[in-house]
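In case you want the letters, here they are:
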Amino acid sequence: WILPEIIEAYTELFKRGVAHSIEVWQHDELVGGLYGIGLGKIFSGESMFATVPNASKIAFIHLGQWLLTSGYEWIDCQQDTAHLRSMGAYLVSEDDFLEKLRKNQQIMLQNS
């Protein structure tokens, strides 16, 4: 379901330190994970999957720990699902979302 163009783009973004992924392995089998883009203080999740129960939750926990130690302040899940809500996600208004993006852009411009 991930097109070759997406793989190519994310590979380049990963090389530039912008794309990040967390993989969950059980023995020699990839059983869950997630990936997305980190810019400024915001991580925007693109996709997550699991082939065994809770594998994506394990990936999300590790992502959260890494984001905290890396200075990120917010995760944009992009979806409102029961699964994400079970991990603490909540809806924000469009105005609040746009304000978070504006503030993040200012931080990025100050740091460039």
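To start, this report covers the structure provided alongside it. Starting afresh in each chain, residues are numbered from 1 along the sequence in its written order. The predicted nature of this model means local features are confined to residues of pLDDT at least 70 and side-chain atom pairs, given and counted, to a pLDDT of 80 or more, with totals for whole chains, interfaces and linings taken over all residues. Side-chain figures throughout are based on the complete set of non-hydrogen atoms in the structure, without hydrogens or water.

## Points about the overall build of the protein
As a reminder of what qualifies: Secondary structure elements are defined from DSSP: runs of H or I of at least 4 residues count as helices, runs of E of at least 2 residues count as strands, and each element is numbered from the N terminus. Our radius of gyration is a C-alpha quantity, and the globule rule it is checked against amounts to 2.2 Å times the number of residues to the power 0.38. Each residue is assigned to one of three classes by its accessible area relative to the maximum for its type, calculated with a 1.4 Å probe on protein chains only: buried under 20%, partly exposed between the two thresholds, exposed over 50%.
In terms of regular secondary structure, the protein is built from 4 helices and 4 strands. Listed by position from the N terminus, the elements making up the protein come as α-β-β-β-α-β-α-α. Over its C-alpha atoms the protein spans a radius of gyration of 15 Å, differing by no more than 12% from the 13 Å that the globule rule assigns to 112 residues. Taking all 112 residues of the protein together, 26% fall into the buried category.

## Some points on helix 2 (residues 55-69)
Basically, it comes down to this: To estimate the expected span of a helix, count its residues, drop one, and scale the result by 1.5 Å. Within this analysis, the arc is defined by the directions that extend from the helix axis to the C-beta atoms.
The first and last C-alpha atoms of helix 2 sit 22 Å apart over 15 residues, in line with the 21 Å expected at 1.5 Å per residue. Every buried residue belonging to helix 2 is among Ala55, Ser56, Ala59, Phe60, Leu63 and Leu67, and all of these are buried. Looking straight down helix 2, one finds that the buried residues subtend no more than 130° of arc, so they occupy a single side. Facing away from the buried side of helix 2, by more than 90 degrees, are the exposed residues Leu68 and Thr69. Where helix 2 terminates, the next one or two residues include glycine 71, which has phi positive at roughly 90°.

## A closer look at the nonpolar core
Basically, it comes down to this: What is meant by a nonpolar core is a set of buried Ala, Val, Leu, Ile, Met, Phe, Trp, Tyr and Cys residues, joined one to another through side-chain atoms within 4.5 Å.
Counting residues in hydrophobic clusters, the biggest one holds 11 residues: Ile22, Val24, Val31, Leu34, Phe43, Ala55, Ala59, Phe60, Leu63, Leu67 and Tyr72. Of all the elements in the fold, those that place two or more residues in this core are strand 1 (19-26), strand 2 (29-39) and helix 2. Sort the elements by how many residues they give to this core and helix 2 lands first, with 5 residues. Counting residues in each nonpolar core, the second largest holds 5 residues, with Val18, Ala19, Tyr35 and Ile37 among its members.

## With respect to the pairing of strand 2
Here is the rule: Here, strands pair whenever DSSP counts at least two bridges between them.
Counting buried positions along strand 2 yields 8 of 11 residues, so the element is predominantly enclosed. A loop of 2 residues connects strand 1 with strand 2, the two strands running antiparallel in sequence, and histidine 27 in this loop sits at a positive phi of about 60°. In textbook terms, the turn of a hairpin is the stretch between consecutive antiparallel strands, and for strand 2 and strand 3 (residues 42-50) this stretch comprises 2 residues, one of which, glycine 40, has a positive phi near 60°.

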